[in-house]
Amino acid sequence: MKENFLIIGIETSCDETALALIQNGKILVSLVSSQVKDHARFGGVIPEIAARKHLEVISHLYNDLLLQAGVKESDIDLITVTQGPGLVGALLVGNVFAKGLAANLGVPLLPVNHVHAHVHGALLSLEDGKKSEDIFPCLSLVVSGGHTNLFYMKSSIHFELVSQSLDDACGECFDKVGKMLGLPYPGGPIIEKTARKGDPTKFPMPKMMTKTKTLDFSYSGLKTHVYYLLQGEKTPLNEETLANICAAFQDNAFEQLVRRLKQACKLFPEVKSVLIAGGVAANLRFRELLSEHLKVPAVFPDLRYCSDNAAMVAAYGEAIYKARGEASLKQDLGFESYSRYHELPKGGF
Ligand code: KG4
Ligand code: ZN
């Protein structure tokens, strides 16, 4: 890799338009334009609105990025973009923008997997001086609005899927339970805040997935439990009941994640660390529980790199290019975006 190799990361998989520049492992600028306000009144992300909003802001954000970093277009050496999984219309905006830029600048394009990229949000936040020998092999858990995936990793670009949610993702469950409780979208941050004033023992909730032999996750049962619990409560809930339900729900949701990580650490005793990533990794109660229960060190992303951002995409692109060089690049630009319901493209990152 030549000195001062400049990489741009592009992220449009859901409701954040994000662009970032990375050079020699350092993020120069990372910009995120969130659409949360545009979707909040619907209680969830509307794919068509998401795609249109990405289209409205992406070129402006690109101009701002270059200006803030003080670089020229012609300085860019590589473009890396989230290929999937995500909302296909939203992904297409970022992918078409990336292809156009690559063709115009005559630089290569490297499409990456969004879920894997999240893990680089945690790696970006490692203390200075920590080396890969201190981290790998490791387990990584991506807990976001779309995924609850546990990976075994031998290096920063080696991902073996150990288990995943069989139904709802953990963050999705926070959002759906938040909606049932009459809280604004997204449910995660507001449930965390409300739970701080609550007592988690007042509404005991059943432990999920205790009889399965695999390390898979499930969140639809917990969501249904809260639904039936609310049928027996007087609405609107008073402040105390609301806080107690949030606290019990949140602890139960995290109990499953902590239990699985403990089991996985036993199954893979060689792991040196556990990387936590994705929007739910921002939750301080979750961080506290993990630090309390895990024997190996848990690494969390800075708060700005938990939710969707392009710094993680650029960092993952840089790691792939460093390890694989020219072999990782798509010369024909003919790749397709893919949703979470598609199989991962063969040989893709
Ligand atoms: O990683 P992300 O921005 O988007 C996806 O790739 O899905 O994650 C968004 C998810 C939402 O479900 C949101 O409710 C959840 O992360 N989230 C949280 C917190 N902050 C965001 N969940 C629990 N506690 C939080 N503090
Ligand atoms: Zn994400």
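First, a word on scope: everything that follows refers to the structure included in this document. (Residues numbered from 1 in each chain as written. Chains lettered and ligands numbered in written order. Predicted model: local features only at pLDDT ≥ 70, side-chain atom pairs only at ≥ 80, totals over all residues. Heavy atoms only, no water.)

**Here's the deal with the pairing of strand β8 (residues 160-164)**
Inference 1: Where strand β7 (residues 148-153) meets β8, four bridges bridge the pair, whose relative direction is antiparallel. Pairing of Tyr152 across the sheet is with Glu160, part of β8.
Inference 2: Connecting β7 to the antiparallel partner β8 that follows it, the hairpin turn spans six residues. (Pairing = 2+ DSSP bridges. Helix = DSSP H or I, 4+ residues; strand = E, 2+ residues; numbered from the N terminus.)

**Some words on the coordination of the zinc ion (ligand 2)**
Six octahedral donors around a metal ideally sit at 90 or 180 degrees from one another, while four tetrahedral donors ideally sit at 109.5 degrees.
Inference 1: Looking at the metal site, the zinc ion (ligand 2) is ligated by His114 (NE2), His118 (NE2) and Asp308 (OD), spaced 2.0 to 2.1 Å from it.
Inference 2: Coordination at the zinc ion (ligand 2) comes from four donor atoms whose angles at the metal span 95 to 134 degrees, giving a geometry best classed as tetrahedral.
Inference 3: Between the donor residues of the zinc ion (ligand 2), the gaps in sequence give the motif H-x3-H-x189-D. Taken as a pair, His114 in helix α4 (residues 114-124) and Asp308 in the loop between β10 (298-299) and α11 (311-324) lie far apart in primary sequence, 194 residues in all. (Donors = N, O, S within 2.8 Å, 3.2 Å for Na, K, Ca; no water. Tetrahedral: all angles 85-135°; square planar, octahedral: opposite > 155°, others 65-115°.)

**What about the pattern of salt bridges?**
Inference 1: Applying the stated criterion across every chain, the model contains 14 salt bridges.
Inference 2: Linking Arg52 and Glu48 is a salt bridge whose minimum nitrogen-to-oxygen distance equals 2.7 Å. Pair noted here: Arg52 and Glu48 are both in helix α2 (residues 47-69), with a separation of four residues, about one helical turn.
Inference 3: Overall, the relative accessible area of 46% leaves Glu48 in the partly exposed class.
Inference 4: Linking Lys207 and Glu255 is a salt bridge whose minimum nitrogen-to-oxygen distance equals 3.8 Å. With Lys207 in the loop between α7 (187-195) and α8 (220-231) and Glu255 in helix α9 (residues 239-267), the pair connects residues that are 48 residues apart, well separated along the chain.
Inference 5: Judged by its relative accessible area of 22%, Glu255 falls in the partly exposed class. (Salt bridge = Lys/Arg side-chain N within 4 Å of Asp/Glu carboxyl O. Buried < 20%, exposed > 50% of the residue type's maximum accessible area, 1.4 Å probe, protein only.)

Function cannot be read off these values alone, since they describe shape.
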